[in-house]
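Chain by chain, the residues:
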Amino acid sequence: MEQRVVKPFTIWRHFKGTKALVITVAKHSETNEDLVVYQCMDNHEKTNHQDGIYARPLDMFLSEVDHEKYPDVVQKYRFEEITN
């Protein structure tokens, strides 16, 4: 099984084409849920997000794309790390 680890200062591609610079993984103060804090970049109206800072649950950040809702998307996961 593929192990995907989110680390600070890595860059990830969103399935709609934007990039995300991971700032850190934080804990929700009340639920203890892991949250990815990231900067959305290169949006250019590709998504409903503006370039800026966001937090998303780690499970959602690493989840697979809903291919029924987005049948033409080639990327397997919502966010995939850019390694080169």
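Up top is the structure.
Let me sum up the structure you'll find in this document. (Residues numbered from 1 in each chain as written. Predicted model: local features only at pLDDT ≥ 70, side-chain atom pairs only at ≥ 80, totals over all residues. Heavy atoms only, no water.)

1. As for the packing of aromatic side chains
We count it as follows: The criterion for an aromatic pair is that two Phe, Tyr or Trp rings (for Trp, the six-membered ring) have centres within 6.5 Å, with stacked assigned to planes under 30 degrees apart, edge-to-face to planes over 60 apart and tilted to the rest. A positively charged side chain is recorded as over a ring if its NZ (Lys) or CZ (Arg) lies within 6 Å of the ring centre. The angle to the ring normal must also be within 35 degrees.
This model, assessed by the stated rule, comprises six aromatic pairs. Put simply, the rings of Trp12, Tyr38, Tyr54, Phe61 and Phe79 pair up and form one aromatic cluster. Over the face of the ring belonging to Tyr77 we find Arg4, whose NZ or CZ atom lies 3.8 Å from the ring centre.

2. Looking at the sheet that holds strand S5 (residues 79-81)
Note the cut-off: Two strands are said to pair when DSSP picks up at least two bridges between them. Put simply, DSSP marks the helices as runs of H or I at least four residues long and the strands as runs of E at least two long, and each gets a number from the N terminus on. Geometry is summarised by axes, namely lines fitted to C-alpha atoms with helices restricted to the contacting stretch, and by angles between N-to-C directions that run from 0 to 180 degrees.
If you trace the five strands from one edge of the open sheet to the other, you get S4-S3-S2-S1-S5, paired in antiparallel fashion. Here the strands that pair on one side only, and so sit at the sheet edges, are strand S4 (52-57) and S5. Averaged over all pairs of adjacent strands, the angle between strand axes in this sheet comes to 40 degrees, irrespective of strand direction. Taken together, the three bridges between strand S1 (residues 11-14) and strand S2 (residues 19-27) define a ladder with antiparallel strand orientation. Looking at S2, one finds that Trp12 is bridged to Ala20.

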